[in-house]
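# Summary of the model geometry
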Amino acid sequence: MSLQTHFIPSLIVFLLSFPRYYSLPGISEASSYDASAGRVYPWYPSTIQGRNFGSKIMSSKMGRSLAAVKTFNVNDYGAKGDGSDATEAFNNAWKAACSSSQGSVLVVPKNKNYLLKPITFEGPCKSSITLQIYGTLQASTDRSAYSKDLTRWLVFENVQNLAVEGGGTINGNGKIWWENSCKVNDDLSCKDAPTALIFYNCKNLIVKNLKIQNSQKMHVSFEKCVGVEVSGLTITAPADSPNTDGIHVTGTQNIQISSSVIGTGDDCISIVSGSQKVQATGITCGPGHGISIGSLGDGNSEAHVSDVTVNGATLTGTTNGVRIKTWQGGSGSASNIKFQNIEMHDVKNPIIIDQKYCDQDKPCKSQSQAVQVQNVLYQNIKGTSSSSEAIQIVCSEKFPCKGIVLQGIDLRGGGGKAAKAECNNAKITEKGNVSPSCT
């Protein structure tokens, strides 16, 4: 009794004094900016794909001290937030935050508008870093500003333990690029356009609670990243804006995308070669081209995608539903893929595997070589199709699709009419009620 009397009060005092900005394993805490105190408490996930990032980050900091993070503000480096060019100020602020030996937070204040030309936020940084975007980042509409590299606007490169969040807006001002696209005007030659937000070779990355709109081309691209958590994104562009994929994943492993609303002129989510262990949950998609794996194998290339799960999505008015698309002549594989618990509302081609994908003006050459598609589960997918064929599984004669499972499928045409299924060169197993049926 005497031991309890002395120990319990001491324990309570210790816990109450423990700084908020450390994440304990298994406990998630939303980040918050305390303007009066001038401190930011960054949030890190307890787990991503079964790996305990929170404890890793905490343990690395505990070895030094329990000191508060250091806060940097872009306005202190010359940014005005009045729509004038803030590129140099952001670059200098990033360099200062990145070189800090203690955890740092770079703040973009709310109710401010910052014009940015192409900029790369480069690592490695000396410690963990959080970019809190409360205001609006606007892309320069001067196309000559992108003359050095037409493919990039905002880039985070070689950064570990990075969080980008805050509820602010990233606006690509893409209209000028769409108007000059060969997909809009056939008389124009085809040229590239910038992706609004690129994360390249980043590790232990969080991107959450942002509004990303009107990208010049793709909105967000994760390239050669490891350990990524994406959540709470709202991504929007007109349905006729060309190539404006919402979230693009390439060469990336262990990425979780959740609770996001995406409506653009291309794929809501596109997953291409080199990507493994990709999870998407709680996705609202439309308008757009649906959720796609591929395209894979373009130009007779080798491509590999594996261990992809889309569990929990609602698609409305999209030109495709859940799709796997590969070019003839490619090689490699798309395997261990699950599409589960998905609602379709007036979706064209709700379920589609296309091993003869062709996205060019001239007809594609017929080739026997193909990317192997295998071990794909479609489970509990229901709703309405705007096309007469709700299921299209069109596979290669020489490399037929293997291990395709349809389970609990209920897709109907408009007005409750029966839909059809086209299934060629595929080994398909149907479980439970499947409508329309491939058999």
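Before reading on, note that the structure itself is shown above.
Residues numbered from 1 in each chain as written. Predicted model: local features only at pLDDT ≥ 70, side-chain atom pairs only at ≥ 80, totals over all residues. Heavy atoms only, no water.

### Quick word on the overall build of the protein
A count of helical and extended segments in the protein gives four helices and 30 strands. Considering the protein as a whole, with its 439 residues, one finds that 48% of them fall into the buried category. Of the roughly 19,000 Å² of accessible surface on the protein, a fraction of 48% belongs to carbon and sulfur atoms. (Helix = DSSP H or I, 4+ residues; strand = E, 2+ residues; numbered from the N terminus. Buried < 20%, exposed > 50% of the residue type's maximum accessible area, 1.4 Å probe, protein only. Areas by Shrake-Rupley, 256 points an atom, 1.4 Å probe, with all protein chains shown as cover.)

### Details of the pattern of salt bridges
Between side chains of opposite charge, pairing is possible as soon as their charged atoms come close. Following the criterion strictly, the structure yields nine salt bridges and no others. Taking the shortest distance from any N to any O, the salt bridge between Glu157 and Arg152 comes out at 3.2 Å. Its relative accessible area of 21% is what places Arg152 among the partly exposed residues. A salt bridge links Glu165 to Lys208, with the shortest nitrogen-to-oxygen separation between them at 3.7 Å. In this pair, Glu165 is assigned in strand β11 (residues 160-165) and Lys208 in strand β14 (residues 203-213), connecting sequence segments 43 residues apart. Pair check on accessibility: Glu165 and Lys208 agree, each one buried. (Salt bridge = Lys/Arg side-chain N within 4 Å of Asp/Glu carboxyl O.)

### Observations regarding the state of the cysteines
Here the structure, examined in full by the defined rule, presents six disulfides. Bridging Cys358 to Cys364, the disulfide has an S-S length of 2.0 Å. Across the S-S bond linking Cys358 and Cys364, the dihedral sits near 85 degrees, which makes this disulfide right-handed. Across the disulfide, Cys423 is cross-linked to Cys438 (sulfur-sulfur distance 1.8 Å). Negative torsions about the S-S bond denote left-handed disulfides, and the value of about -45 degrees found for Cys423 with Cys438 makes this one left-handed. Residue Cys423 is found in strand β29 (residues 420-424), and its partner Cys438 is found in the segment after β30 (426-435); the two are separated by 15 residues along the sequence. Judged by its relative accessible area of 22%, Cys423 is partly exposed. Taking only the cysteines that form disulfides and numbering them from first to last, the protein has the pattern 1-2, 3-4, 5-6, 7-8, 9-10, 11-12. Free cysteine: Cys202, not disulfide-bonded; nearest cysteine sulfur from Cys225 at 4.7 Å. (Disulfide = S-S within 2.5 Å.)

### Quick notes on empty space enclosed by the protein
Applying the stated rule across the entire model yields four cavities of 30 Å³ or more. By volume, the largest cavity amounts to about 50 Å³. Put simply, the parts of the chain that give the lining of the largest cavity at least two residues each are β8 (129-133) and β10 (152-157). Here the residues of the lining of the largest cavity are counted per class, giving 10 nonpolar, no polar and no charged. (1 Å grid on protein atoms, 1.4 Å probe; cavity = no way out; pocket = protein on both sides within 12 Å on 5 of 7 lines; lining within 4 Å. Points joined across faces, edges and corners; volume = space filled by probe spheres on them. Nonpolar A, V, L, I, M, F, W, Y, C, P; charged D, E, K, R; others polar.)

### Details of the nonpolar core
If you look at the biggest cluster of nonpolar residues, it comprises 96 residues, and the most contacted ones within it are Phe90, Phe199, Phe339 and Tyr378. If sequence neighbours within four positions are ignored, Phe199 has contacts with Phe156, Leu162, Val164, Leu205, Val207, Val220, Ser221, Phe222, Glu223 and Cys225. (Core = buried A, V, L, I, M, F, W, Y, C linked by side-chain atoms within 4.5 Å. Contact = heavy atoms within 4.5 Å.)

### Observations concerning unusual backbone geometry
Across the chain, the bulk of peptide bonds are trans and the bulk of non-glycine residues have phi less than zero. The omega torsion across Gly123 and Pro124 is 5 degrees, close enough to zero to call that bond cis. Phi is positive for Asn111, which is not a glycine, with a value near 60 degrees. Among the secondary structure elements, Asn111 is positioned in the loop between β5 (104-108) and β6 (113-116).

### Structural notes on the packing of aromatic side chains
What characterises a pair of aromatic rings is the spacing of the ring centres plus the angle enclosed by the ring planes. Under the counting rule described, the total for this entry stands at nine aromatic pairs. Taken together, a centroid distance of 5.2 Å and an interplanar angle of 90 degrees make the contact between Tyr146 and Trp177 edge-to-face. Pair noted here: Tyr146 is in the loop between β9 (136-139) and β10 and Trp177 is in helix α4 (residues 175-179), with a separation of 31 residues, a long-range link. Across the pair, Trp177 and Tyr146 agree in class, each one buried. Centre to centre, the rings of Trp327 and Tyr357 are 5.4 Å apart; their planes meet at 90 degrees, and the pair counts as edge-to-face. Highlighted residues: Trp327 in strand β23 (residues 322-327) and Tyr357 in strand β25 (residues 351-357), separated in sequence by 30 residues. Per residue, the accessibility class of Trp327 equals that of Tyr357, and both read buried. If you follow Arg143 out to its NZ or CZ, it ends over the ring of Trp177, 5.0 Å from the centre. (Phe/Tyr/Trp six-rings, centres within 6.5 Å; stacked < 30°, edge-to-face > 60°. Lys NZ or Arg CZ within 6 Å of the ring centre and 35° of its normal.)

### Details of the layout of surface pockets
If you add up the space inside the largest pocket, you get close to 610 Å³. Contributing to the lining of the largest pocket are 22 residues, with Asn243, Ser295, Lys325, Tyr357 and Asp359 lying nearest its centre. Secondary structure elements with two or more residues in the lining of the largest pocket: β21 (291-296) and β23. Among the residues forming the lining of the largest pocket, the class breakdown is six nonpolar, seven polar and nine charged.

### A few points about the environment of Pro118
Along the chain, Pro118 turns up in the loop between β6 and β7 (119-122). A relative accessible area of 29% places Pro118 in the partly exposed class. Sequence separation between Pro118 and Arg152 is 34 residues; the distance between their C-alpha atoms is 6.6 Å. Aside from chain neighbours lying at most four places away, what touches Pro118 is Thr87, Ala145, Tyr146, Arg152 and Trp153.

### A look at the environment of Lys382
Counting through the fold element by element, Lys382 comes out in strand β26 (residues 372-385). Judged by relative accessible area, Lys382 falls into the partly exposed class, the value being 44%. In contact with Lys382, not counting residues within four places along its chain, are Ile342, Glu343, Met344, Gly408, Asp410 and Leu411.

### Digging into the sheet that holds strand β13 (residues 195-200)
Read across the sheet, 11 strands follow the order β7-β10-β13-β15-β17-β19-β21-β23-β25-β27-β29 without closing on themselves; strand pairing throughout is parallel. At either end of the open sheet lies a strand with only one pairing partner, and these are β7 and β29. Shown here is a sheet whose adjacent strand axes are inclined to one another by a mean of 15 degrees, direction ignored. The pairing of strand β19 (residues 269-271) with β21 spans three bridges and is classified as parallel. Within the sheet, the bridge partner assigned to Ile269 lies in β21 and is Ile291. (Pairing = 2+ DSSP bridges. Axes fitted to C-alpha atoms, helices over the stretch in contact; angles between N-to-C directions.)

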